[in-house]
Amino acid sequence: LPQGLETAPRPLWRKSIGHGYSGVVVARQRLVFLDDASGQETAHCLDARTGQELWSQPFAEPYTDEFEPGPRCTPLVDGNRLYVQSCYGEFACLSLDAGKKQWGFHFRDHGMFWVKDRSGGPGAANRRGNSGSAAISGDRIFIQVGSTNGASIVAFDKIRGRLLWKSQDDLTSYASLVTGTLAGRPQAVAVTCEGLLGLDAASGEALWRVPFKTGANRNVLTPVLDGGDHVLFASYTTGLRRVAVKAEGSKVQAAQAWLNPALKINLATPVLVGRHLYGHGPDKDFVCVEADTGTIRWRQTGFNQYASTIASGTRLLVLNDAGEVLLLEANPDRYRELGRFQACGKTFSHPAYAHGVLYTRDSRELAAWPLQPPAR
């Protein structure tokens, strides 16, 4: 990231797009985003340097509610494969070069069910559609289906789409999955409506679980894996916690290292830089928190309802829900702003940063903002 941001950049390009909350991803100079421009949930692939569309592919029926129509799950790129997931549970693997479907399935194939009453009842995704994303480790892709019929989380061969295992009966929250090695065991770590848990990546066996309930069965943040066999996670009902995962003989045990109930973070996953977490706080503020203790180092007000955070080195890029981009110093001693500019309209979509360019979207437009001079 740049050292400073003295003047607002001029966009490399802008492109009109449809509705959707899903984030933008960039890989191999290709940019992928999802919207509802064709009357269906649709994947688009652009040349990231020019904004020229290379292909588009509708993949699922549309979704809408009183907030905004359009897809909410951020796509995932692995090699020449693009994985997309719709609000209603249509999952597809597309080729990144042409958008051709390689394999796919529907969540209802594994017992996922939907309810019309959006005000309460079962899991959040059963009422409001899917918002989380899958995760990949090695030759496997892990997907949070949310079926109470033994298929809460499902693993597939990422290339051929062959079912490898199904596990658990938890309902689905809005959070994305993550993968990593904890207590010497490769795992998929998930936040469901019932709590935080780790599954053996090879077999799907539940290795550990930290149960807790939240209001409206709604967890949003993605777990953050902290080096040294720890997981950090925040809920808008229970607060921010750190969980230690340890091997006990042939078993794996999890214990809460600390809980800060004041940090009821609602929508935005913080980032870990060194031994400190930085991100949107619970009270329209931005916070810095010690990862080892849960102690709040500082808070800065004026951050509205949501802000996405990207970390690189000692710099943070923050996009708030008013469409402002802020460049901050990742400094545990004080809040220090290094510049800001207006990038887009109201947004709850995570941006992407690649090759010195920041890509932002709102419900009408996608834009590319150069923050560093191109490499010579």
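Everything below is about the structure shown above.
On a predicted model such as this, the values are computed, not experimentally measured, just so you know.

Turning our attention to the sheet that holds strand E28 (residues 324-329). Within the open sheet, the four strands sit side by side as E26-E27-E28-E29. Their pairing is antiparallel. Edge positions in the sheet fall to strand E26 (307-312) and strand E29 (337-342), since each has one partner strand and no second. Between one strand axis and the next, the sheet turns through 15° on average, direction left out of account.

Counted by the stated rule, this structure contains 20 aromatic pairs. Note on Phe303 and Tyr335: the rings are 6.3 Å apart at their centroids and 85° apart in plane angle, and the pair reads as edge-to-face. Linking Phe303 in the loop between strand E25 (296-301) and E26 with Tyr335 in the loop between E28 and E29, this pair joins segments that are 32 residues apart in sequence. With a relative accessible area of 3%, Phe303 lands in the buried category. The class of Tyr335 is buried, set by a relative accessible area of 18%. An aromatic cluster of three or more residues is present, and its members are Tyr83, Phe91, Trp103, Phe105, Phe107 and Phe156. Taking the ring centre of Phe212 as reference, the NZ or CZ of Arg241 above it sits at 4.3 Å.

Another point: the pattern of salt bridges. Inspection of the entire model under this criterion finds 22 salt bridges. Where Asp200 meets Arg185, a salt bridge forms, and the shortest distance between an N and an O atom there is 3.2 Å. Of the two residues, Asp200 sits in strand E16 (residues 195-200) while Arg185 sits in strand E15 (residues 185-191), which places them 15 residues apart along the sequence. We classify Asp200 as buried; its relative accessible area is 10%. On the basis of relative accessible area, Arg185 is assigned to the partly exposed category, the value being 24%. A salt bridge links Asp226 to Arg275; the nearest nitrogen and oxygen atoms lie 2.8 Å apart. A residue pair is termed long-range when its members are at least 10 positions apart, and Asp226 in strand E18 (residues 224-226) and Arg275 in the loop between strand E22 (271-273) and strand E23 (276-280) qualify at 49 residues. Through salt bridges that share partners, Asp226, Arg242, Arg275 and Asp292 make up one connected network.

Take the pairing of strand E9 (residues 101-106) next. Taken together, the five bridges between strand E8 (residues 90-95) and E9 define a ladder with antiparallel strand orientation. Opposite Cys93, over in E9, you have Trp103 as the bridge partner.

Once that is clear, we can look at the side chain of Asp78. Note that Asp78 resides in strand E6 (residues 76-78). A polar contact is formed between the side chain of Asp78 and the side chain of Arg81, at a distance of 2.6 Å. Among all residues touching Asp78, those that are not within four sequence positions of it are Tyr83, Ile136 and Lys158.

Thresholds, definitions, all that
- Residues numbered from 1 in each chain as written.
- Predicted model: local features only at pLDDT ≥ 70, side-chain atom pairs only at ≥ 80, totals over all residues.
- Heavy atoms only, no water.
- Pairing = 2+ DSSP bridges.
- Helix = DSSP H or I, 4+ residues; strand = E, 2+ residues; numbered from the N terminus.
- Axes fitted to C-alpha atoms, helices over the stretch in contact; angles between N-to-C directions.
- Phe/Tyr/Trp six-rings, centres within 6.5 Å; stacked < 30°, edge-to-face > 60°.
- Buried < 20%, exposed > 50% of the residue type's maximum accessible area, 1.4 Å probe, protein only.
- Lys NZ or Arg CZ within 6 Å of the ring centre and 35° of its normal.
- Salt bridge = Lys/Arg side-chain N within 4 Å of Asp/Glu carboxyl O.
- Polar contact = N/O pair within 3.5 Å; in protein donor to acceptor, adjacent residues only side chain to side chain.
- Contact = heavy atoms within 4.5 Å.

The analysis is restricted to geometry; functional conclusions fall outside its scope.
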